[in-house]
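# An overview of the molecular structure
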Amino acid sequence: MPRVVIDPVTRIEGHLRIEAEVSGRNVASAWSSGTMFRGLETILKGRDPRDAWLFTQRICGVCTTVHAICSVRAVEDALGIQIPPNARMIRNIIEGIQYVQDHVIHFYHLHALDWVDIVKALDADPAKTSQLAQSISDWPKSSAAYFKGVKERVQAFVKSGQLGPFANAYWGHPAYKLPPEANLMAVAHYLEALEWQREVIKAHAILGGKNPHLQTYLVGGMSCPVDPNSQAGLNADSIAYLKELFAKAKEFVEKVYLPDVLAVAPFYLDWAKVGEGLGNFLSFGDFPLTDTKSSDDPGDLFLPRGVILNRDLKTVHPVDQKKVAEYVTHSWYSYEDDKKSKHPWEGETRPNYTGPKPPYKYLNVDGKYSWLKAPRYDDKAVEVGPLARMLVAYAAGHPRVKHWIDAVLAKLRVGPEALFSTLGRTAARCIETVVIAEQLIPWTDELAANISKGDLRIHEQKHWEPSTWPKEAEGWGWTEAPRGALGHWVRIKDGKIENYQCIVPTTWNASPRDASGQPGAYEAALVGTPVADPEKPLEILRTIHSFDPCIACAVHMVEPRGRKTFYISGC
Amino acid sequence: MAKGRRIVSISETAGADGMLAMLKHKGVSRREFLRFCAVIGATLAVPVEMVGKIADALASVRRPPVIWLEFQDCAGCTESFLRASRPTVAEIVLDLLSVDYHETIMAAAGRQAEEAREATIKTGGHLVIVEGSIPIKDGGLYCCVGGRTAMEILSEATRGAAAVIAVGNCAAFGGLAAAEPNPTGAVGVRDLVKGVPVINLPGCPVNAINITATVVHYLTFKSLPELDAWGRPLFAYGKRIHDNCERRAHFDAGQFVEAWGDEGHRKGWCLYKMGCKGPETYSNCPTVRWNEGINWPVGAGHGCVGCTQPGFWDTMTPFYRRLPTVPGFSVESTADKIGLGLAAAAAVGVAAHAVASSVRRKTKGTEES
Ligand code: SF4
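Residues numbered from 1 in each chain as written. Chains lettered and ligands numbered in written order. Predicted model: local features only at pLDDT ≥ 70, side-chain atom pairs only at ≥ 80, totals over all residues. Heavy atoms only, no water.

## Section: the overall build of chain A
Within chain A, the secondary structure is distributed over 16 helices and 16 strands. Relative to the 2.2 N^0.38 estimate, which gives 25 Å for 571 residues, the radius of gyration of chain A is 24 Å and therefore close to what a compact globule would have. With respect to the three principal axes, the spread of C-alpha positions in chain A is 70 × 60 × 55 Å. Relative to all contacts within chain A whose residues are 6 or more apart in sequence, the contacts with residues 24 or more apart total 75%. (Helix = DSSP H or I, 4+ residues; strand = E, 2+ residues; numbered from the N terminus. Rg over C-alpha atoms; globule rule 2.2 N^0.38 Å. Contact = heavy atoms within 4.5 Å.)

In structure tokens form, the structure reads like this:
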């Protein structure tokens, strides 16, 4: 069987390689491989647990807040710290705008070009494009003159002969189905979204000093002070600015992103039957609405925690972090017994590269073939991400999620089973964005109300000094990154990190096979994907991009060698 | 120091499709364009008279082709680049360059992506922007793209290049992956690339304005900006955070935050005792700030972590411990005793200390390899 190799898979974060065997016109079997690693967990050993979030935040520069939150939660869980309400609310707001911004970037800049043919946009009639745009939304930038301007810009760009990032793509591929007008509309929104994303993410700079890589978290709370009577703290002025940004965020999501998804989807409804995959979904849940201190009992979560098995939307199973374990059977690591899995607290990680010597043409997919481990929940391969979160919330009866999912399904005239697909993943991401965007202003108001009650606390100081800590402690932290369930596990001994393990969304989704040969979510989802032209495997990209891969996050393991302490003390 | 090196490349070719023509198509007026040039001029710290020259240079050039390589990275510098906010629209910043290869944003994938890169290399005279460190241990197999190692790709891409810009601390100095015990043998670009000028724009991540300003400098003056001993442009890394910090008056007055959320913290006092590394860190953060100048870490109540300095993951940690006492020039004792003169003396001491610790780390690296 011919083997299609896509490496690099572009428009993702990090280094991913897909090898797929094509039988006839469909993928028969697929393998997913992460081809870069850094060894962060080893680097963390022996360091101050309060510093860990700054290191782990650099696991990923795309959703720049989630590893920070997860890390401080893990350490807080270990030390029994309950953060003040202001800190909880600020964390939710930071993460909320991260979701909204990140999902929009994913749709327009990382995924849309799988569905939108930029070259065909040049055939569009701007007047008709304007009619189309106005028929789906009252977004103000929809005049014929506006689209004429966009078309001329694209023409000038093409005429310059320097196509930059748009050169050499699969333009003209038969799988592109949109009429020219829809293509032109999408290109206009691609450019608008580029402007919009850097504007709305200023909220991160207000609350966290900068974006990407905020510098505002602390074990025990946050470092951005709140004080209505100070220029140096979060005050009425900064809260007003935040709300202005969040209004902009919500408007774009409701008037551009959602209408675009609804306008494009009918042309690709066959993709509601492609890319289904495992049918098992896991969500750790997120956005705590009450103040508690344990990761196992995080209080009321805006997006609920749960597991769905075998597409059964009638039952949401509870989550037990102890059922999480990783295999290395097909990963470039070795355990004492490669056939057995390990819980992250036991986290044993010895690199063992057995792949071909670079440069190579194919990986040995019968043996080890990835730097990613294979996490399993209760020994089952599961999918994580917006689709998992939306399904768990839908099944749990979340009112806003239910409202929007039902509205979208009705509009597309499909049933809930359409969600188990490449198109479903893309739709779920959009629905989630709408649901979170609705919350940003109410959550900011809630923070303002708490501050106006006179509560200025942002940090729990009792446990700041390591001298107050138990000699030994272990904890785990959870969050839902935009890409899915994220957990950090930490062991602390004598005030230092003894062991640190992260299991990140893309490790679940991009996992290689495990000891019993169960494929990961990408590998399962690709089976059956049509491939019209093996030289231009556009359809494989569609399914892979629907997961929004983040390989930098997924690859982080290395040997447990002791770290020599090296500080600058005493000059 | 790489001083005023003249670089000859494709970007000198004037053409009808120069940047101003491009910008006109985007509805950008000459006035807005000049304002952009003025901002860049200010970032570069060149005299006002130079703004016209910058404008002329930019209006006539073809966008220089760029190959942006991502190795052991987190895409944070890419994200930072996408947030570039001066001039008014992000796409102008994209249009300053012809980004022919950039895995995170390019439309092509797999073989077609690699072909785009190869075509640009063949023409030559391109800029190579590197994000992420390069692992050299075990033949470099810890980072492969298209079945080839990062080392090999870097060496191929820099052949015939006009210059290499290492963005972020990882590409400049090895950054996070190179932190102790550096499991993959990660190094920065300057350790590998010879014969082509290399500019370091460290930071974790890089501030986009420093990329734009460096490129504009290159297009305007046909040369690279003057660099310090660490390969960093002086216009952006010539001064310490501490020297331009908005909280400096509180430092000098002995007003320090003692606990997160205390009164001093809420009032914006100095973060030195909470571990601020501003006194040892060279960067323009306090002046250009972030995200269109909205804020910067110290502005949000957290100390500087020193992310523009080589080896900061080792030399600046633990992050919440105040900088160590320097015998004779104790910043710490200054904190308690107060005194302007003493503070100034301490500043010199701390700077000397920063150099000393960096040198020591280098020595240690040599011992290990
Ligand atoms: S120690 Fe830090 S916060 Fe204080 S003045 Fe210096 S740079 Fe600013």
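Still more ground to cover, so stick around.
## Here we look at the site of the ligand
Residue and element names in this part refer to chain B. In the region of the ligand, 13 residues are neighbours, and H242, C245, C270, L271 and C276 sit closest. Put simply, the parts of the chain that give the shell around the ligand at least two residues each are α11 (241-244) and α12 (248-252). Class assignment for the residues of the shell around the ligand results in nine nonpolar, two polar and two charged. (Near = heavy atom within 4 Å. Nonpolar A, V, L, I, M, F, W, Y, C, P; charged D, E, K, R; others polar.)

## Topic: the UniProt feature "binding site: [4Fe-4S] cluster 1" (unreviewed entry) in chain B
Residues given the UniProt feature "binding site: [4Fe-4S] cluster 1" (unreviewed entry) here are C74, C77, C170 and C204 of chain B. These residues run over 131 residues, yet every pair of their C-alpha atoms falls within 10.1 Å of each other. Its location among the elements puts C74 of chain B in the loop between β1 (65-70) and α4 (76-82). Here C74 of chain B is in contact with E13, R38, R58, I59, C60, G61, V62, H213 and A552 of chain A, once residues within four sequence places are set aside. As for its position among the elements, C77 of chain B is in helix α4. Given the relative accessible area of 7%, C77 of chain B is considered buried. (UniProt positions renumbered as here; feature names shortened; annotations may be inferred. Buried < 20%, exposed > 50% of the residue type's maximum accessible area, 1.4 Å probe, protein only.)

## Describing the UniProt feature "binding site: Fe cation" (unreviewed entry) in chain A
Residue and element names in this part refer to chain A. Here, UniProt's "binding site: Fe cation" (unreviewed entry) annotation points to C63 and C553. Spanning 491 residues, the annotated positions come together in the fold, the maximum distance between their C-alpha atoms being 9.8 Å. The buried category is assigned to C63, whose relative accessible area is 2%. Not counting chain neighbours up to four residues away, the residues in contact with C63 comprise Q98, D102, P482 and R483. By the element assignment, C553 lies in helix α16 (residues 551-554). Residue class for C553 comes out buried when judged on its relative accessible area of 4%. With residues up to four places along the chain from it excluded, the contact list for C553 reads I59, C60, H67 and V504.

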